[in-house]
Amino acid sequence: MRKKIVAGNWKMNKSKTEAVALAQDLLSADFDKTVDLLIIPPFLYASELAEACADSRVQVGVQNCSEHTSGAYTGEVSVSMIRSVGVSHVLVGHSERREYFGEQNAVLAQKVDQVLAAGLTPIYCCGEQLSEREKNNHFSLVKSQLEEGLFHLSAEAIQQCVIAYEPVWAIGTGVTATADQAQEMHAFIRQLLTDQYGESVAQAIPVLYGGSCKPDNAQELFANSDVDGGLIGGASLVASDFVAIANSF
Ligand code: PGA
């Protein structure tokens, strides 16, 4: 049985007071016992929130990391720093990092290696722009994102990873991929994993859906056999919405 995971990517939102209050609301909420819960706050709050969540089932991730180990990289945060504050997961290659910060598959492969070397879990994001879907390029684009960012890993290492498929045209737009579109791409990703690593490895890796996932569409999305949960942006900023999504399996 693959893990079911619901992760809240808070992006660049919330003051410290608001962030702590949101975490407290989640800590006192009633969640489906079978779901792994993850919050992904801005770096500045990760340490405090990891401490607040330490004895709970809410895990804490961060939204990015450096591809370097340490040294003169002003403004960057290394995986050993991230690990030292009790964070367990790192988003790698979110479409906003790819689009606004020029992150390409080769550097993302280095970040994945850093995260794994620190003993943390990378959540490797992939997904196409609308223009690529319109040209019917979306399968080959996602394939190259996975091949170039992830498939250098051994079978053992890739089983420590989580994949998130996020069609860029569905992120923050209110337009969700239909359940069929999500399942189609998730099944494609599973097949790529099977071709590369074999059936049992492919069956072990959680593949999350992200892009305007809300309480009213989560159930339909999560009902798909290859959708193992969600990476939630906007709706993760409201405790009751995040709880409702996490309880949608
Ligand atoms: P959204 O964002 O839920 O606001 O569409 C998802 C994401 O970018 O992770």
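First things first, this report covers the structure right here in the doc. (Residues numbered from 1 in each chain as written. Predicted model: local features only at pLDDT ≥ 70, side-chain atom pairs only at ≥ 80, totals over all residues. Heavy atoms only, no water.)

1. Considering the overall build of the protein
- In terms of helices and strands, the protein carries 12 helices and 8 strands.
- At 17 Å, the protein has a C-alpha radius of gyration in line with the 18 Å of a compact globule built from 249 residues.
- Relative to its full complement of 249 residues, the protein shows a buried share of 52%.
- When contacts within the protein are restricted to residue pairs at least 6 apart in sequence, those whose partners lie at least 24 apart make up 70%. (Helix = DSSP H or I, 4+ residues; strand = E, 2+ residues; numbered from the N terminus. Rg over C-alpha atoms; globule rule 2.2 N^0.38 Å. Buried < 20%, exposed > 50% of the residue type's maximum accessible area, 1.4 Å probe, protein only. Contact = heavy atoms within 4.5 Å.)

2. Quick look at helix α7 (residues 138-149)
- Between its terminal C-alpha atoms α7 stretches 16 Å, which fits the 16 Å expected from 12 residues at 1.5 Å a residue.
- Along α7, the positions that sit buried rather than exposed are H138, V142, Q145, L146 and G149. Taken end-on, α7 shows its buried residues confined to a sector of 90 degrees, consistent with a single buried face.
- Packed against the buried residues of α7 are α4 (95-100), α5 (105-117), β5 (121-126), α6 (130-134), β6 (162-165) and α9 (179-197). (Expected span 1.5 Å × (residues − 1). Arc of directions from axis to C-beta.)

3. What to know about the pairing of strand β2 (residues 35-40)
- With respect to burial, β2 is a largely interior element, 5 of its 6 residues being buried.
- With 6 bridges connecting them, strand β1 (residues 4-9) and β2 associate as parallel partners. Residue N9 lies in a different strand from β2, and its bridge partner there is I40.
- After leaving β1, the chain enters helix α1 (residues 16-27) and then returns to the sheet as β2, a path that is right-handed.
- Pairing analysis gives 3 bridges linking β2 to strand β3 (residues 58-62), with the strands arranged parallel. Across the sheet, L38 pairs through a bridge with Q59, a residue of β3. (Pairing = 2+ DSSP bridges. Right-handed = clockwise from strand over helix to strand, strands pointing away.)

4. Comments concerning the environment of L27
- Tracing the backbone shows L27 in helix α1.
- Residue class for L27 comes out partly exposed when judged on its relative accessible area of 27%.
- As a C-alpha pair, L27 and L141 span 114 residues in sequence and 38 Å in three-dimensional space.

5. Observations concerning the nonpolar core
- By size, the foremost hydrophobic cluster in this structure holds 67 residues, and its most contacted members are I39, L146, L150, I158, I163, I189 and L193.
- Here this core gets 6 residues from one element, more than from any other, and that element is α9.
- Membership of the second largest hydrophobic core comes to 11 residues, among which are I5, L91, I123 and L208. (Core = buried A, V, L, I, M, F, W, Y, C linked by side-chain atoms within 4.5 Å.)

6. Description of the packing of α1 against helix α12 (residues 239-246)
- α12 packs onto α1 with a crossing angle of 40 degrees between their chain directions and a minimal axis gap of 9 Å. Between α1 and α12, the angle falls in the class oblique. Regarding α1 and α12, the two cross each other, and that crossing is right-handed. Here L22, D25 and L26 of α1 lie close against α12, whose contacting residues are A239, F242 and V243.
- For the contact of α1 with α12, the class distribution of residues is 5 nonpolar, no polar and 1 charged. (Axes fitted to C-alpha atoms, helices over the stretch in contact; angles between N-to-C directions. Parallel < 35°, antiparallel > 145°, perpendicular 65-115°, else oblique. Left-handed = near helix turned anticlockwise from the far one by under 90°. Nonpolar A, V, L, I, M, F, W, Y, C, P; charged D, E, K, R; others polar.)

7. Points about the site of the ligand
- For the ligand, the set of nearby residues contains 13 residues, the closest of which are K11, H94, E166, G172 and S212.
- Separating an oxygen atom of the ligand from a side-chain N or O atom of K11 is a distance of 2.7 Å.
- At 2.9 Å, a backbone N or O of G233 approaches an oxygen atom of the ligand.
- For the shell around the ligand, the class distribution of residues is 4 nonpolar, 7 polar and 2 charged. (Near = heavy atom within 4 Å. Polar contact = N/O pair within 3.5 Å; in protein donor to acceptor, adjacent residues only side chain to side chain.)

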